[in-house]
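Summary of the model geometry
Each chain, letter by letter, is given below.
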Amino acid sequence: MKFKRAHRLRGTITVPGDKSISHRSIMFGALAKGTTRVTNFLQGADCLSTIACFERMGIEIDNRADEILIYGKGLHGLRASKGVLDVGNSGTTIRLISGILSGQSFTTQLTGDASIQSRPMRRIIEPLSQMGAQIESVQGNGCAPLRIQGAPLHGIHYVSPVASAQVKSCILLAGLYADSPTSVTEPYLSRNHSEIMLRHFGASVLSEGTTATVQPEPELQAQEIQVPGDISSAAYFIASALIVPDSEILIKNVGMNPTRDGILKVCMAMGADITIFNEDGSGEPTADLMVRHSGLRGTTIGGAVIPTLIDELPVVAALACFAEGTTLIKDAQELKVKESNRIDVMVKNLTAMGAQVTETEDGMIIEGGHPLHGAVIDSRMDHRIAMTFAVTALASDGETQIIDADCVKISYPDFYQDLYALIEG
Ligand code: S3P
């Protein structure tokens, strides 16, 4: 697909439902008793992989497009899948499901696409094994395919070396099947959607600082879930409006969970003109955002804010190219083990567009203020890279071509249509 400079962006956009919350709504709905109803579910390929996995384990799921009904069978209602469970490109699916499968009375094999098969799974194999799980990497390389034979589980207190909601959630879900409470302590707090939603379904989950503790064997009860708009998807429109002159857009119903709103904090620190209003709800709060073109300045991003904008760091790196001065992204080694190595792919592609970027061990340094020009961008089939460069192209000279641009279907199938609808001239 090809992209070029935009004259300006105007209009209103409602981004699709949050990916993390959509995954969890299916999983927890399947483990609850009764019918869970989900609205504003993200119909992206990743979340459809989660649906397919639970259907293969005997859960009836009625995807009516405007709402999803999950006919949950309780904590012990899953049955063995006839074949291998395929999670596609979805790290959230494979890591969270592994926690659930560790406590079942059957054996499952899990696999996914080439990206999934190269991502680290020892981070879940290790704590699950400590709990008594029978889980192994089939090829012995610490990656998928995984084979999990359900076993009796014991509660542990796990001190995680990484701030990862997938690791934390995997352990907490296994903890539902354990014989005593299970806790996870992280170096920094990662997104807490599992804790919030498990409580909503009736589980006892305590959050204290960066430690979450779950009590075993709750009766999970079916719920109504309204998925808020995904702030990670909103990030591309925020960035577009900030870098394209004369832009002003309204983004409605954006999820504002404080474990996810780092993109707003960082944009504000860079001098962004963003107004937050219509704030609503607790637990998973939402708000509308008015974003206007802004003169940006460089900033330093590291430490506790990193997990709160981990998926937005590619687009933040692009934004930094349009800011005056230097932006330092540090403590972000996790970017190397996402759908692609996002440090490497960002540095290579931004450099191809004329940016001054240096790769570091745990992030990158960007010297802003150098005009960018079009280039051929290899997305490496990573949805967030494709969306980031579609945005970057809107404020760059010449033409930008994105290879495998349709990978946006993972988290935002209508991304290009929605972006084009805001472009004037
Ligand atoms: C997610 C957690 C994050 C994030 C991913 C979704 C989740 O991954 O990058 O897109 O839904 O729990 P990590 O837990 O590996 O940081």
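Scroll up to find the structure.
Looking at helix 12 (residues 415–422), one finds that the buried residues are Phe415, Tyr416, Leu419 and Leu422. Looking straight down helix 12, one finds its buried side chains confined to an arc of 125°; they lie on one side. Among the structural elements, strand 1 (2–4), strand 2 (8–14), helix 7 (231–243), strand 15 (248–255), helix 11 (383–393) and strand 26 (423–424) are those in contact with the buried residues of helix 12.

Our next topic: the sheet that holds strand 13 (residues 211–214). Backbone-to-backbone hydrogen bonds pair the strands of a sheet. The strands run either parallel or antiparallel. Strand order in this open sheet of 4 strands is 10-11-13-12, and the pairing throughout is mixed. Both outer strands of the open sheet, strand 10 (157–159) and strand 12 (205–208), are each paired with one neighbouring strand and no more. Put simply, the sheet's adjacent strands are angled 15° from each other on average, direction ignored. As defined by bridge partners, strand 11 (residues 182–185) adjoins strand 13 across 4 bridges and the pair is classed as antiparallel. Paired with Val184 across the bridge in strand 13 is Ala212. Sitting on the sheet, helix 5 (residues 165–175) is in contact with strand 10, strand 11 and strand 13, with an inclination near 170° to strand 11.

The subject of this paragraph is the pattern of salt bridges. Within the structure shown, the criterion is met by 27 salt bridges. For Arg8, the salt bridge is made with Asp246, and the minimal N-O distance between the two is 3.1 Å. Note that Arg8 is positioned in strand 2 and Asp246 in the loop between helix 7 and strand 15, a separation of 238 residues in sequence. Overall, the relative accessible area of 24% leaves Arg8 in the partly exposed class. Asp246 sits in the partly exposed class, given a relative accessible area of 42%. Between Arg147 and Glu136 there is a salt bridge whose closest N-O contact spans 2.3 Å. Note that Arg147 is positioned in strand 9 (residues 146–149) and Glu136 in strand 8 (residues 134–137), a separation of 11 residues in sequence. Since its relative accessible area comes to 32%, Arg147 is described here as partly exposed. Linked through salt bridges whose partners overlap, the residues forming this network are Arg119, Arg191, Asp311, Glu339, Arg342 and Asp382.

Here 4 strands make up an open sheet; going across it, the order is 6-7-9-8 and the pairing mixed. The sheet is open, and its two edges are formed by strand 6 (85–86) and strand 8, each paired on a single side. Here strand 7 (residues 107–111) runs beside strand 9; their pairing, made up of 4 bridges, is antiparallel. Paired with Thr107 across the bridge in strand 9 is Gln149. Across the sheet, helix 4 (residues 122–130) is in contact with strand 8 and strand 9; its angle to strand 8 comes to roughly 155°.

What follows is about the layout of surface pockets. A volume near 540 Å³ is recorded for the largest pocket. Lining the largest pocket are 32 residues, and of these Ala163, Ser164, Ile310, Glu334 and Lys338 lie nearest its centre. Grouping the amino acids of the lining of the largest pocket by side-chain chemistry returns 11 nonpolar, 8 polar and 13 charged. Lining the second largest pocket are 17 residues; nearest its centre among them are Ile225, Gln226, Val227, Pro228 and Glu284. Elements with a minimum of two residues in the lining of the second largest pocket: helix 6 (193–200) and strand 14 (224–226). At 4 residues, helix 6 tops the list of elements feeding residues into the lining of the second largest pocket. Its residues assigned to classes, the lining of the second largest pocket shows 6 nonpolar, 8 polar and 3 charged.

Evaluation of the coordinates by the stated rule reveals 1 cavity of 30 Å³ or more. Taken as a whole, the largest cavity encloses approximately 50 Å³ of empty space. Every residue lining the largest cavity is listed: Asp18, Ile21, His193, Pro228, Gly229, Ile231, Gly255, Met256, Asn257, Arg260 and Glu284. Looking at the lining of the largest cavity residue by residue, the class counts come to 4 nonpolar, 4 polar and 3 charged.

Cut-offs used in this document
- Residues numbered from 1 in each chain as written.
- Predicted model: local features only at pLDDT ≥ 70, side-chain atom pairs only at ≥ 80, totals over all residues.
- Heavy atoms only, no water.
- Buried < 20%, exposed > 50% of the residue type's maximum accessible area, 1.4 Å probe, protein only.
- Helix = DSSP H or I, 4+ residues; strand = E, 2+ residues; numbered from the N terminus.
- Arc of directions from axis to C-beta.
- Contact = heavy atoms within 4.5 Å.
- Pairing = 2+ DSSP bridges.
- Axes fitted to C-alpha atoms, helices over the stretch in contact; angles between N-to-C directions.
- Salt bridge = Lys/Arg side-chain N within 4 Å of Asp/Glu carboxyl O.
- 1 Å grid on protein atoms, 1.4 Å probe; cavity = no way out; pocket = protein on both sides within 12 Å on 5 of 7 lines; lining within 4 Å.
- Points joined across faces, edges and corners; volume = space filled by probe spheres on them.
- Nonpolar A, V, L, I, M, F, W, Y, C, P; charged D, E, K, R; others polar.

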